Each structure stands twice: as C-alpha cells, then as structure tokens.
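Breakdown of the fold
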Amino acid sequence: MRNFLVTGATGNLGGAALRILQAHTGSNTYALVRSTTQADALGHQGIDTRVGDYTDRASLRTAFSGIDGLLFVSSPALDPNVRIDQHKGVVQEAVSAGVEHIVYTSAMGAQHDPGHRTTEVELQEIGVSHTVLRNALYSDAFAAKVIQDMETGPIVSAGAGRTLVTSSIADLAEAAVIALTTPPAKRLWELRGPAWTFHQLTESVSAELGRTIEHREVNDLETGPFAVLFPLIRKGIFSEESDDLATLLRRAPQTIEAVVAQLCRS
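Residues numbered from 1 in each chain as written. Predicted model: local features only at pLDDT ≥ 70, side-chain atom pairs only at ≥ 80, totals over all residues. Heavy atoms only, no water.

Description of the pattern of salt bridges
Two side chains that carry opposite charge are able to pair once their charged atoms sit near each other. Condition: Note on definitions: salt bridges are taken to be side-chain nitrogens of Lys or Arg within 4 Å of carboxyl oxygens of Asp or Glu. The helix count covers DSSP runs of H or I at least four residues long, the strand count covers runs of E at least two residues long, and both are numbered beginning at the N terminus. Per-residue accessibility, obtained with a 1.4 Å probe over protein chains only, is compared with the maximum for each type, and a residue is labelled buried under 20%, exposed over 50%, and partly exposed between these values.
Following the criterion strictly, the structure yields 13 salt bridges and no others. With a shortest N-O distance of 2.7 Å, R234 and D220 are connected by a salt bridge. You can see R234 sitting in helix α9 (residues 230-234) and its partner D220 sitting in the loop between β11 (215-217) and α9, a full 14 residues away along the chain. Residue class for R234 comes out partly exposed when judged on its relative accessible area of 32%.

Some thoughts on the nonpolar core
We apply this condition: As used in this record, nonpolar core signifies buried Ala, Val, Leu, Ile, Met, Phe, Trp, Tyr and Cys residues forming a set joined through side-chain atoms within 4.5 Å.
Ranked by internal contacts, the top residues of the largest apolar core, which has 30 residues, are L71, L133 and L191. Looking at this core, the elements with two or more residues in it are β1 (2-6), α1 (12-22), β2 (27-33), α2 (36-43), β4 (69-73), α7 (169-181), β9 (188-191) and α10 (244-249). Take this core: its biggest share by element is 8 residues, from α7. Counting 23 residues, the second-largest nonpolar core is a separate cluster that includes A158, W196, F238 and V259.

Notes on empty space enclosed by the protein
Applicable threshold: Space inside and on the surface of the protein is sampled on a 1 Å grid over the protein atoms alone, with a cavity defined as a set of points where a 1.4 Å probe fits but cannot get out and a pocket as an open set with protein on both sides within 12 Å along at least 5 of 7 lines; lining residues have an atom within 4 Å of a point. Grid points are joined across faces, edges and corners, and a volume is the space filled by probe spheres set on the points. Only Asp, Glu, Lys and Arg are considered charged in this grouping, and only Ala, Val, Leu, Ile, Met, Phe, Trp, Tyr, Cys and Pro are considered nonpolar; every other residue, Gly among them, is considered polar.
One pass over the structure, following the stated rule, counts 1 cavity of 30 Å³ or more. In terms of lining residues, the largest cavity is bounded by F142, K145, V146, D149, I155, V156, F198, T223, F226 and F230. Tallied by class, the residues present in the lining of the largest cavity amount to 7 nonpolar, 1 polar and 2 charged.

Points about the packing of aromatic side chains
Selection criterion: A pair of aromatic rings is counted whenever rings of Phe, Tyr or Trp (Trp by its six-membered ring) have centres within 6.5 Å, and the orientation is called stacked for planes under 30 degrees apart, edge-to-face for over 60 and tilted otherwise. The rule for a charge over a ring is simple: NZ of Lys or CZ of Arg within 6 Å of the ring centre, and within 35 degrees of the ring normal.
Tallied over the entire structure, the rule returns 7 aromatic pairs. Between F142 and W196, the ring centres sit 5.5 Å apart and the planes meet at 70°, which makes this aromatic pair edge-to-face. Within this pair, whereas F142 is found in helix α6 (residues 139-149), its partner W196 is found in strand β10 (residues 195-196), the two being separated by 54 residues in sequence. There is no split in this pair, since F142 and W196 are both buried. Pairing F142 with F198 gives two aromatic rings, centres 6.1 Å apart and planes at 75°, and the pair type is edge-to-face. Of this pair, F142 sits in helix α6 while F198 sits in helix α8 (residues 198-209); the two residues are 56 residues apart in sequence, bridging distant segments of the chain. We note that F142, like F198, is buried. Grouping aromatic residues by their ring pairs yields a cluster made of F142, W196, F198, F226 and F230. Taking NZ or CZ as reference, R50 lies 4.6 Å from the ring centre of Y30, over its face. Cation over ring: K186 sits above W189, and NZ or CZ is 4.7 Å from the ring centre.

As structure tokens, then:
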C-alpha cells in the first residue's frame, strides 16, 4: 500500500486534494500540518497527520519518512528569498527521506517568478521523479468577489474587456491527485480552464440570482484587492489558453458559470 502526503492541507487547494485522496483506495493519506493543534483538529475528522514546518528541516525529515508520493503545495510566503529557502528544504528533505515522486503546485507565469522558477529548477537538477503543475489563478476567488460586491453596488473591473484564463480549485485539486497517484510521463503542465471576461462573469451571477447586476469599468485602484492584477490582465498575461488541464482530467474543466453556480448554491 502506497503512502501519500499532502502539504498545505489546511488551505483551499491542499484541503480539496486531501478530501479526494481520502477516497482513493489502496493507499494511505497523510496531511502535513504545522502544529499539534492543527493535527488534533484534523484528527477529529479522521485524517492522519504529520507535523512539519517548511522552516524546520528536522521536522520535514521526520514527516517525510516512509512517504512514497508528496503533493507539495507551494509556500504562501511573499518574499521570494524566504520561499526559495523553504522550497529547497522541502525538496531536499523529501529526496533524502526516499520520497519517490513529488507533485509541485507551481503557477502560471512561473518563469517570471523567482520562487517558482528556482523550485522547478531544483526539482529538475536533484533528479527526483516529479510533476510540475503551473496552476492558473482560482476562478473561485473572482466569482466569490463578484458575488460579495454585488450586495453593495455594481461589479467593477479594469480589464478593458480582455479575457482571463483561470481554473476552479476543485479541478486543480483533482488534477494534482491524478498526477500524484498515476504520475504522467510529461513533467510540466500548464493548468488552465476556459477563458472568460468580467462582463461574462457578471451576466452569470445575474442569471444565477435572477436579477440584473451592473458591471462598470473603473480605474485599477477602485477594484480593491485585485488592483495589482488588472494591468497584467490588460496586457493579456492571463489570456493564454492551454489544453493541459482537460488532458490531465480527461474531461472539460469547469467554466466560470459552473463555479458561480456552485458558490451561489452553497
């Protein structure tokens, strides 16, 4: 029986992957958590845990013992130097512990991100069997923001009508589990769902809730927490499509309309 370990297990992506893995027959699934408090909380849900922290190599060494496959969810650290050090520790300790295959959740545009780029190179140079998943931005985050904002006013964006290519958390989690349990020959995957626009997203929310919602183009600063993204959206940075997610899932990825429907009905 194979042993799989999921890092970032208390987060959105890691948690979703963990739930899918638990239903996988013929394997043992463990969640990596940073504290005994988190371990106790997941233990009450019937989840086996191992305690380890990206900043503590000794704890990782112990946590990775006996693990065959590692789903390595990238660190949330914003400082690239911190992220690079943390990721190097995870990769090196996993290899030292005998982990046979590592699935790393990288990101769209990783070649321009020091943390992700360095980790991808580290996996290649250390020689371990691995799969790199360059995940798109989460469709769920954009849909949730629109659903929240429509309660207080019009939906605002600054994308100048450009398309975005994002992916649902559910699809990315399923793809990660597939890559972990049946490692594909191809090492690098660009995981992106169907393209959409903010006008399309607004219409989807309007249709789901049965009332008309206004969409307005504003300047970047008026868009709130997504302000930093809109200059990149207008440049088409998030517009390039790929069939990789559909290939890995062996089905069509979720549309933005499907994500909206799930959030509105949950």
